[in-house]
Amino acid sequence: MRKRSSRQFLENIAVVALLFANISAAQVTTARIEDASREPGNWLTYSGTYDGHRYSGLKQITTKDVSQLAAQWVFQTPVTGKFEATPLIDDGVMYFTVANSNAYAIDAQRGKTIWHYERALPEKLRLCCGAVNRGFAMLGDRVFMTTLDAHVIALDSKTGSVIWDTKAADYEKGYTFTVAPLVVKDKVIVGVSGGEYGIQGFIDAYDTKTGALAWRFHTIPGPGEPGHGSWEGDSWTRGGAPAWVTGTYDPELNLLYWPTGNPAPSNNGSQRHGDNLYSNSILALDPDNGKLKWYFQFTPFDLHDWDATESPILIDSTIDGQKRKLLLQANRNGFFYVLDRTNGKFVLGKPYAKQTWAKGLDANGRPVLLPGVDPTLEGVPVCPGAYGATNFMAPSYSPLTGLFYVTSREQCDVFSADSQNYRLGRAYIGSNYVPVMNAKDRGFLTAIDPKTGDARWRFEYFGASWAGTLSTAGGLVFSGDIGGNLIAFDAQSGKALWHFPTGAAVYAAPVSYEVAGKQYVAIGAGNAVFSFALP
Amino acid sequence: MKSEKLRRLVALPFMMCCATFLLAQQVREVKNLLEGNAQAIANGKANFRANCSQCHGLDATGGLRAPSLVSGKFTHGASDADLFSTILHGVPSTLMPGNDLTDDETWEVIAFLRSMQPKSEAVIAGDAQAGEKYFWSAGGCASCHMVRGRGGRLGPDLSRVSASRSAAYITESLREPSKQLSDGLLEPGHDSPIAGDTVTITISSGEKIIGIAKNEDTFSIQLLDLQGELRLFSKSDVQSIVHERKSLMPRYTEAKLSNPALQDLLAYLETLRGE
């Protein structure tokens with residue numbers, strides 16, 4: 001009798017557990033993404049939350065026990081190429097893209113394949129920087145990704161079946177996609193790549209249900225539009241300004257913040273005099289119709305390939321006794337910027353890495369140039385180099401420490417300019433850049449106080465890293481290095497507390513999630529995903 | 001029926017093989033019609049700078065990732081047809097990728113590279129046998145360099161040195177060994193040059209170990225010491241690590257290696273092509 005009642009009790013528990021499982025297995029909704037910080041066990045959007053913090057509220061793994069962190073599984077894919085994606089996790093399933101527009105859903109607790117999406121790609125893709133992809137967006141029972149042949153697709157999240165497949169642009173003309181989309185309400189938003197191929201950049205929104213184009217924002221204004229006069233002659237028709245890194249979103253202001261890349265040809269400005277709007281900018285767009293609310297351009301008339309395609313981070317903070325809605329960006333040009341995200345006004349800006357091109361920023365945040373930094377035929381050494389003081393690797397922000405964490409690089413290039421005839425779809429750079437000899441690349445994890453723009457601490461890697469960052473409620477920052485280590489840092493002090501050699505240079509950003517009461521930290525490196533937890 | 005099918009199966013690869021062979025024969029006879037054409041050289045230079053200079057240097061004299069292309073020596077074939085194929089299709093298992101150029105653009109790049117090459121390499125007048133003797137005895141070269149499985153481990157293996165390095169480059173390496181330090185080629189999979197850097201490590205006992213870094217990352221270093229032994233360390237276990245930024249190779253000054261003796265040595269090294 002007693003035995004029977006205890007079994008009944010267990011059955012009741014099982015029913016209750018099943019109910020909860022059903023609740024947590026609920027479809028991904030816009031409301032869930034807006035409140036993603038309330039369910040830290042999942043990772044529902046590229047930067048974890050719409051504000052771009054990449055901060056996990058999970059705190060099972062802390063500064064005290066992180067040294068015990070151990071690999072739980074390694075998932076090997078047969079797809080070679082750089083792994084740049086941020087995995088998404090919902091209800092124990094991990095969704096990620098890899099090189100060559102392939103993608104997987106796997107069991108996030110056990111590292112086992114659920115489905116694998118393979119895409120037949122055309123041969124002559126125009127790819128400046130590898131056949132990479134940075135990950136999925138999700139809504140309902142669908143996941144959304146972009147492809148190297150310039151399509152946007154929706155897959156069934158349970159099977160990987162293609163629900164819709166929309167051609168956004170012509171890959172033969174130099175257009176391609178590497179970006180992880182962002183879902184806002186009923187739209188999936190993407191930005192195009194191809195700044196090295198003389199494209200006309202754009203940001204697109206597609207209907208999540210049908211895949212139909214809802215709006216397109218051209219990042220280069222056409223004739224008659226404000227800003228068109230910032231391009232000389234017809235240079236705007238091949239001016240680049242791609243938008244290849246995922247933006248962030250403020251649901252309260254209903255504003256989408258999307259970064260844009262370099263004007264083309266990147267090294268030679270002789271035929272595109274002017275500010276070249278909206279290259280190297282942050283655009284604040286209405287996500288419902290794609291209308292521009294404001295813009296801020298970091299590097300007008302850029303000659304050094306300093307795309308502003310670094311994820312903007314949104315924080316609310318008190319500056320000079322005033323509550324402010326701010327936008328933070330560590331820019332490829334070597335300066336850290338704080339903007340007012342309600343109107344795009346410049347708040348502060350300071351260098352966070354070695355730079356030799358600007359005297360500083362003026363009251364509006366416009367750079368004051370030093371002489372002799374424009375590329376010439378013979379070449380001119382400038383810091384940062386074309387890869388920038390940082391790049392696509394995702395920064396993070398910890399509300400716990402109030403610090404902004406970014407992978408910074410100190411490497412200089414000799415920039416040369418030469419005439420280059422434009423030909424549709426072909427590389428259009430205007431000569432090139434080569435590393436300064438006899439100078440070693442240096443790389444850091446840099447913690448910046450956004451109230452002052454000053455670095456609180458720096459950890460120096462061996463070589464310059466390409467890894468993104470993750471902050472956690474356990475007082476940790478996770479990132480990686482070119483030697484292939486995933487590293488855990490004390491978020492306050494910058495001390496390295498733990499590392500694991502994955503065996504391949506890290507280009508992705510770590511994420512954290514929870515399954516069955518256990519916190520995991522995962523990272524893609526080489527052709528594999530690694531997941532760690534406490535024993 | 002069965003045999004017919006079998007015959008077809010055999011015939012197909014045979015025909016394909018023959019076609020490839022004939023094609024290869026045709027390609028091998030191809031000469032660059034644009035060689036010496038001033039406009040082609042100018043166009044080739046612009047395309048070289050846009051597509052090739054990041055690794056091979058703005059003036060094609062070599063960079064961090066790839067060798068000089070103006071020495072007149074090419075590891076993967078020096079004929080016009082070889083260069084055409086290497087530029088368009090790359091070299092498998094190396095960092096050299098295929099390039100997105102039209103045939104005409106490729107010929108222009110080749111015209112540019114040919115225009116940069118020495119018209120005829122200065123004839124090395126030295127005595128190869130005397131040079132070989134110097135290499136293996138008085139010169140002490142073999143204490144650090146290996147040739148066809150014999151010799152030391154510390155320096156680069158020279159078994160095929162003349163397949164890719166010019167006499168001028170080798171001369172500089174002998175006279176000023178530290179000058180080309182930053183020229184260390186990138187290993188596939190590494191994004192920063194590490195091979196060949198001279199490092200001094202002070203271990204916890206205070207003992208100093210000098211060697212060549214075979215690899216290094218944020219937390220560890222793998223060294224080949226002066227005795228040719230591998231020494232592997234976690235950085236947390238050592239007192240200090242100093243990157244010397246100079247080569248362990250001694251300078252072979254004129255006092256040590258006269259110009260005629262240098263010519264003998266170059267004549268010997270000229271024979272080392274891995275053939």
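See the structure printed just above.
The rules behind these values
Residues numbered from 1 in each chain as written. Chains lettered and ligands numbered in written order. Predicted model: local features only at pLDDT ≥ 70, side-chain atom pairs only at ≥ 80, totals over all residues. Helix = DSSP H or I, 4+ residues; strand = E, 2+ residues; numbered from the N terminus. Rg over C-alpha atoms; globule rule 2.2 N^0.38 Å. Buried ≥ 20, exposed ≤ 12 C-beta atoms within 10 Å, placed from the backbone. Contact = placed C-beta atoms within 7 Å. Core = buried A, V, L, I, M, F, W, Y, C linked by C-beta atoms within 7 Å. Pairing = 2+ DSSP bridges. Axes fitted to C-alpha atoms, helices over the stretch in contact; angles between N-to-C directions. Arc of directions from axis to C-beta. Parallel < 35°, antiparallel > 145°, perpendicular 65-115°, else oblique. Left-handed = near helix turned anticlockwise from the far one by under 90°. Nonpolar A, V, L, I, M, F, W, Y, C, P; charged D, E, K, R; others polar.

Draft legend 1. View of the overall build of chain A. Within chain A one finds 2 helices and 38 strands. In terms of overall size, chain A behaves like a compact globule, its C-alpha atoms giving a radius of gyration of 23 Å where 535 residues would be expected to give roughly 24 Å. Expressed as lengths along the three principal axes of its C-alpha atoms, the size of chain A is roughly 90 × 50 × 45 Å. The proportion of buried residues among the 535 residues of chain A is 57%. For chain A, the proportion of contacts with a sequence separation of at least 24, taken over those separated by at least 6, is 60%.

Draft legend 2. Representation of the interface of chain B and chain A in the model. Counting from both sides, the interface comprises 18 residues of chain B and, opposite them, 28 residues of chain A. For the side of chain B that touches chain A, the elements supplying multiple residues, two or more each, are α2 (38-51) and α3 (53-56) of chain B.

Draft legend 3. Seen up close, the nonpolar core. Counting residues in hydrophobic clusters, the biggest one holds 146 residues, and the most contacted among them are F136 and M138 of chain A. Among all residues touching F136 of chain A, those that are not within four sequence positions of it are L88, Y95, F96, T97, V143, F144, M145 and A180 of chain A.

Draft legend 4. Fine view of the sheet that holds strand β9 (residues 151-156) of chain A. Residues and elements named next belong to chain A. Here 4 strands make up an open sheet; going across it, the order is β7-β8-β9-β10 and the pairing antiparallel. At either end of the open sheet lies a strand with only one pairing partner, and these are β7 (137-139) and β10 (162-167). Mean inter-strand twist for the sheet, computed between neighbouring axes without regard to direction, equals 20°. Bridge count for strand β8 (residues 142-146) against β9 is 5 bridges, and the pairing is antiparallel. Within β9, the position partnered with T146 by the bridge is V152.

Draft legend 5. A look at the environment of N99 of chain B. Residues and elements named next belong to chain B. Within the secondary structure, N99 sits in the loop between α4 (80-89) and α5 (103-116). Exposure remark for N99: the 17 C-beta atoms within 10 Å place this residue in the partly exposed category. Separated by 172 residues in sequence, N99 and T271 have C-alpha atoms that sit 32 Å apart. Excluding anything up to four places from it in sequence, N99 contacts N51, I87 and L88.

Draft legend 6. Expanded view of helix α8 (residues 167-175) of chain B. All names here are of chain B. Here α8 has its buried residues at A167, S173 and L174. Along α8, the residues classed as buried sweep out an arc of 120° about the axis, all on the same side. Tucked into the core, α8 has its buried residues touching α9 (259-270).

Draft legend 7. Structural context of the packing of α4 of chain B against α5 of chain B. Residues and elements named next belong to chain B. Viewed as axis vectors pointing N to C, α4 and α5 meet at an angle of 120°, and their least axial separation amounts to 10 Å. Here α5 runs oblique to α4, going by the angle between their axes. Seen along the crossing, α4 lies across α5 with a hand that is right-handed. Touching D80, L83, F84, I87 and L88 of α4 are T106, V109 and I110, all from α5. Partitioning the contact of α4 with α5 into residue classes produces 6 nonpolar, 1 polar and 1 charged.

Draft legend 8. Region of interest: the pairing of strand β5 (residues 103-107) of chain A. All names here are of chain A. Burial within β5 is extensive, with 4 of its 5 residues counted as buried. With 5 bridges joining them, strand β4 (residues 93-97) and β5 adopt antiparallel strand pairing. Paired with Y95 across the strands is A105, a residue of β5. Counting the residues in the hairpin turn of β4 and β5 gives 5 residues, including N100, whose phi is positive at 55°. In this structure, β5 lies alongside strand β6 (residues 112-117), joined through 5 bridges in antiparallel fashion. Within β6, the position partnered with A103 by the bridge is Y117. A loop of 4 residues connects β5 with β6, the two strands running antiparallel in sequence, and G111 in this loop sits at a positive phi of about 70°.

Draft legend 9. Region of interest: unusual backbone geometry. The step from A264 of chain A to P265 of chain A runs through a cis peptide bond, and the omega angle for that step is -5°. Tracing the backbone shows P265 of chain A in the loop between β16 (255-259) and β17 (281-285). Backbone torsion omega between C383 of chain A and P384 of chain A reads -5°, so that peptide bond is classified as cis. Mapped onto the fold, P384 of chain A is located in the loop between β25 (380-382) and β26 (396-398). Phi angles above zero are rare outside glycine, and N100 of chain A is one such case at about 55°. N100 of chain A sits in the partly exposed class, given 18 other C-beta atoms within 10 Å. The residue R148 of chain B is not glycine, and still its phi comes out positive at about 45°. Examined against the element boundaries, R148 of chain B turns out to sit in the loop between β1 (146-147) and β2 (150-151).

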